[in-house]
Amino acid sequence: MREVFNEHRPAYVFHAAAYKHVGLMEANPVEAVRNNAIATRVVAHVAGEAGARKFLLVSTDKAVAPATVMGASKALAEFALDAARARFPGTGYAAVRFGNVLGSSGSVVPIFRRQIERGGPITVTDERMTRYFMTIPEAVQLIIRAGSLSTPPAAPGTAEVLVLDMGEPVRIIDLARAMIELSGLDPERDIAIEEIGAHAGEKLHEELFNGYERACPTAAEKILLAEREPLSPEVVAAMFDEIRLLVLEGDAAGLAAKVTGLSTTVRSDLERPAAGDGVLRELATAPGAPAPLIHSGEP
């Protein structure tokens, strides 16, 4: 990456390289963390070394209170930007968080389309399930617009977390019915809709903000800032030291447990009224607390 950056000297870096299929990442947690979290940290670091003006991470709403390995890996990627900003203050770091993009690779829309072409049934996991959606042009334009924003973070050393306004969530079963009708067919009569049950860790409803974040307006329409306290570079380094060791060992089960537990631990800490190293120490030493991946940086 240093060779690439030294040769091309990019001013703006749009980091979209990530595995996004939840089921595949649950089955391959080592690759999920290696690519989505560790590689993001590497590229963010090299961008700062090379003096890039802005580093923009394409994130996801699944990084909010993550319930899957994929979501946890993207949450870790967001945390990595805090440490990068503290180390390279001359580079602006931001994550752009949003939901599903209609028609993109892996989107439910082409899956439903193929199921309709085969004569059905369309399969949905749960009739109550909702998701945020936007079109490809909307997503691309807003990501580029987010890259041009100069919104100073609320706390020193905090990377910006920008959240796209996704509108109202859509019931997946309503989307399935609409696609059947747009094909000139009748739901249930021509194409059956079958409920197959949610996958492991799959949420009924996605969120755009963590409980420890506050939505603030920006200069751009439909782009909000998730205001929050930063994680210290020492805390982020401790996280990545532990997960990198598990990745090197290829310990899939241990890694899956660590990254999902890690996100819960960080969330619990930042949702407390006064976040800081003292709180991290208190959390880490609480009676009966699981061994955390974060610490105050003291012996």
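Everything discussed here concerns the structure shown above.
Calculation notes
- Residues numbered from 1 in each chain as written.
- Predicted model: local features only at pLDDT ≥ 70, side-chain atom pairs only at ≥ 80, totals over all residues.
- Heavy atoms only, no water.
- Axes fitted to C-alpha atoms, helices over the stretch in contact; angles between N-to-C directions.
- Helix = DSSP H or I, 4+ residues; strand = E, 2+ residues; numbered from the N terminus.
- Parallel < 35°, antiparallel > 145°, perpendicular 65-115°, else oblique.
- Left-handed = near helix turned anticlockwise from the far one by under 90°.
- Contact = heavy atoms within 4.5 Å.
- Nonpolar A, V, L, I, M, F, W, Y, C, P; charged D, E, K, R; others polar.
- Pairing = 2+ DSSP bridges.
- Salt bridge = Lys/Arg side-chain N within 4 Å of Asp/Glu carboxyl O.
- Buried < 20%, exposed > 50% of the residue type's maximum accessible area, 1.4 Å probe, protein only.
- Patch = residues over 30% accessible without salt bridge, like charges linked within 9 Å, V, L, I, M, F, W, Y side chains within 5 Å.
- Areas by Shrake-Rupley, 256 points an atom, 1.4 Å probe, with all protein chains shown as cover.

Trainee: When you look at the packing of helix α3 (residues 29-49) against helix α8 (residues 233-249) in this model, what are you seeing that I'm missing?
Mentor: Axes are the key here: two packed helices are described by the angle between their axes and the distance separating the axes. It is the contact of α3 with α8, at a shortest axis distance of 10 Å, that shows an interaxial angle of 140°. Judged by the inter-axis angle, α3 sits oblique to α8. Taken as a pair, α3 and α8 cross one another with a handedness that is left-handed. Touching Val 30, Val 33, Arg 34, Ala 37, Ile 38 and Arg 41 of α3 are Ala 237, Phe 240, Ile 243, Arg 244 and Val 247, all from α8. Taken together, the residues that form the contact of α3 with α8 break down as eight nonpolar, no polar and three charged.

Trainee: Whenever I open this one, the sheet that holds strand β1 (residues 12-15) confuses me. Can you help?
Mentor: Pairing between the strands of a sheet is mediated by backbone hydrogen bonds and can be parallel or antiparallel. Spatially, six strands are ordered β1-β2-β3-β8-β12-β11 in an open sheet, and the strand pairing comes out mixed. Since the sheet does not close on itself, it has two edges, and those belong to β1 and β11 (214-217), each with one partner. Taking the axes of each pair of neighbouring strands and ignoring which way they run, one obtains an average angle of 30° across the sheet. Taken together, the five bridges between strand β2 (residues 54-58) and strand β3 (residues 92-97) define a ladder with parallel strand orientation. Of the residues in β3, the one forming a bridge with Val 58 is Val 96. Contacts between helix α4 (residues 69-87) and the sheet are confined to β2, β3 and β8 (160-164), with β3 contributing the most and set at about 160° to the helix.

Trainee: So what exactly am I meant to see when it comes to the packing of α4 against α8 here?
Mentor: Following both chains from N to C, one finds α4 and α8 inclined at 135°, their axes separated by 9 Å at the closest point. Our classification of the angle between α4 and α8 gives oblique. Seen along the crossing, α4 lies across α8 with a hand that is left-handed. Contacts from Leu 76, Phe 79, Ala 80, Ala 83 and Ala 86 of α4 reach α8 at Pro 233, Val 236, Met 239, Phe 240 and Ile 243. Broken down by class, the residue content of the contact of α4 with α8 amounts to ten nonpolar, no polar and no charged.

Trainee: Looking at this model, I keep getting lost on the pattern of salt bridges. Mind explaining?
Mentor: Between side chains of opposite charge, pairing is possible as soon as their charged atoms come close. Counted under the stated rule, the structure contains 18 salt bridges. Put simply, Glu 31 and Arg 34 hold a salt bridge, and the shortest N to O gap is 3.0 Å. Here Arg 34 and Glu 31 lie together in helix α3, a separation of three residues that amounts to about one turn. Its salt-bridge partner being Asp 82, residue Arg 228 comes within 2.9 Å of it at the nearest N-O pair. Taken together, the residues Arg 228 in the loop between β12 (223-227) and α8 and Asp 82 in helix α4 connect sequence positions 146 residues apart. Taking relative accessible area as the criterion, Arg 228 reaches 8% and is therefore assigned buried. One continuous salt-bridge network, built from bridges that share partners, spans Lys 62, Arg 131, Lys 203, Glu 206 and Glu 207.

Trainee: Looking at this structure, how should I read a nonpolar patch on the surface?
Mentor: A cluster of nonpolar side chains, namely Tyr 12, Phe 14, Ile 136, Val 140 and Ile 144, defines an oily patch on the protein surface of about 450 Å² accessible area. When residues of the nonpolar patch are traced back to their parent elements, those giving at least two are β1 and α6 (136-148). Top element by residues in the nonpolar patch is α6. It accounts for three residues. Tracing the backbone shows Ile 144 in helix α6.

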